[in-house]
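Residue-level structure breakdown
Chain by chain, the residues run as shown.
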Amino acid sequence: QLQFVDSGGGSVQPGGSLRLSCTAAPGVTLNFYTIGWFRQAPGKEQEGVSCITPSNGRTYYADSVKGRFTISRDTVNNTVYLQMNNLKAEDTGTYSCAAVEIEMATETRLCTKAAQYTDAISGQGTPVTVSA
């Protein structure tokens, strides 16, 4: 049973923007989790792009996306968003929402140790393609 559902991917040209959503299922409380966006690009290792602890708002960004991506939480709509601006070709990949119970990992650990948290991924992921 999926606890979180991700959506919002698509195809854009370099410099374009997309917003990804990770929505908690009914009855699931966002603040009980640490949530992140993982990226899987062809031929590359899974990468923690950005993570957040919704209960305190702390965030983490991979160096490759700092200044371009913004992660945020909406506790009313029980959703974590990833706003992606100035997209580059190297941002292409499948983006998946990952969630662990808050006591299991901080936002920094969830993102920097993404390979250890594959089981935390909820859903099939949403594809993002950046090309001219």
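Note that the coordinates shown come from a computational prediction; the quantities given were computed from them, not determined experimentally.

Definitions and limits used
- Along each chain, residues carry numbers from 1 onward, in the same order as the chain's sequence is written.
- Note on the predicted model: pLDDT of at least 70 is required for a residue's local features to be given, and 80 or more for side-chain atom pairs to be given and counted; whole-chain, interface and lining totals, by contrast, use all residues.
- To obtain the side-chain values, all non-hydrogen atoms of the structure were included, while hydrogens and water were left out.
- Think of it this way: any DSSP run of H or I at least four residues long counts as a helix, any run of E at least two long counts as a strand, and we number them from the N terminus.
- We take the radius of gyration over the C-alpha atoms and set the globule estimate at 2.2 Å times the residue count to the 0.38 power.
- Buried, partly exposed and exposed residues are distinguished by accessible area as a fraction of the type maximum, computed with a 1.4 Å probe on protein chains only: under 20%, between the cut-offs, and over 50%, respectively.
- Only the protein chains shown count as cover for residues, with accessible areas throughout obtained via the Shrake-Rupley method and a probe of 1.4 Å.
- Cysteine sulfurs are considered disulfide-paired once they come within 2.5 Å of each other.
- The aromatic pairing rule takes the rings of Phe, Tyr and Trp, using the six-membered ring of Trp, and pairs them if the centres are within 6.5 Å, calling planes under 30 degrees apart stacked, those over 60 edge-to-face and the rest tilted.
- A pair of strands is considered paired only if DSSP assigns at least 2 bridges between the two.
- Structural elements are reduced to axes, namely lines fitted to C-alpha atoms, with helices fitted over the stretch in contact, and the angle between N-to-C directions of any two is expressed from 0 to 180 degrees.
- Buried Ala, Val, Leu, Ile, Met, Phe, Trp, Tyr and Cys residues form a nonpolar core when they are joined through side-chain atoms within 4.5 Å.
- What makes two residues a contact is simply this: any of their non-hydrogen atoms within 4.5 Å.

**Remarks on the overall build of the chain**
- Tallying secondary structure elements over the chain gives one helix and 10 strands in all.
- Ordering the α and β elements of the chain from the N terminus gives β-β-β-β-β-β-β-β-β-α-β.
- A compact globule built from 132 residues should have a C-alpha radius of gyration of about 14 Å, and the chain, at 13 Å, falls within 12% of that.
- On the principal axes, the C-alpha backbone points of the chain span a range of 40 × 30 × 30 Å.
- Looking at the chain as a whole, 47% of its 132 residues qualify as buried.
- When the accessible surface of the chain is summed, it comes to about 6600 Å², and 46% of that surface belongs to carbon and sulfur atoms.

**Observations regarding the state of the cysteines**
- A full pass over the atoms with the stated rule returns two disulfides.
- Note that Cys22 is cross-linked by a disulfide to Cys97, the S-S spacing being 1.8 Å. Measuring handedness by torsion sign, the sulfur bridge of Cys22 and Cys97 sits at about -50 degrees and is left-handed. Placement of Cys22 in strand β3 (residues 18–24) and of Cys97 in strand β9 (residues 93–101) is noted, with a sequence separation of 75 residues between them.
- Given a relative accessible area of 0%, Cys97 falls into the buried group.
- Disulfide pairing places Cys51 opposite Cys111 at an S-S distance of 2.2 Å. Judged by the torsion about the S-S bond (95 degrees), the Cys51/Cys111 disulfide is right-handed.

**Side note on the packing of aromatic side chains**
- A complete count under the given rule lists one aromatic pair for this structure.
- Pairing Phe4 with Tyr33 gives two aromatic rings, centres 5.2 Å apart and planes at 85 degrees, and the pair type is edge-to-face. Of this pair, Phe4 sits in strand β1 (residues 4–7) while Tyr33 sits in strand β4 (residues 33–40); the two residues are 29 residues apart in sequence, bridging distant segments of the chain.
- In this structure Phe4 comes out as buried when scored by relative accessible area, which is 1%.
- You can call Tyr33 buried: its relative accessible area is 13%.

**Looking at the sheet that holds strand β7 (residues 69–74)**
- What the four strands build is an open sheet, ordered β1-β3-β8-β7; its pairing is antiparallel. Whereas interior strands pair on both sides, the edge strands pair on one side only; in this sheet they are β1 and β7. Going from strand to strand, the sheet's axes swing by 15 degrees on average, the running direction of each strand aside.

**With respect to the nonpolar core**
- The biggest cluster of nonpolar side chains holds 28 residues, and the ones touching the most others in it are Phe4, Ile35, Trp37, Met84 and Tyr95.
- Residue assignment for this core shows that the elements contributing at least two residues are β3, β4, β5 (47–53), β7, β8 (79–84), β9 and β10 (126–130).
- Among the elements that take part in this core, β3 stands out by supplying four residues, more than any other.
- The contact partners of Met84, leaving out residues within four places of it in the chain, are Gly16, Ser17, Leu18, Leu20, Arg68, Phe69, Tyr95 and Val128.
- The next biggest cluster of nonpolar side chains, apart from the first, holds 10 residues, and it includes Cys51, Val100, Tyr117 and Ala120.

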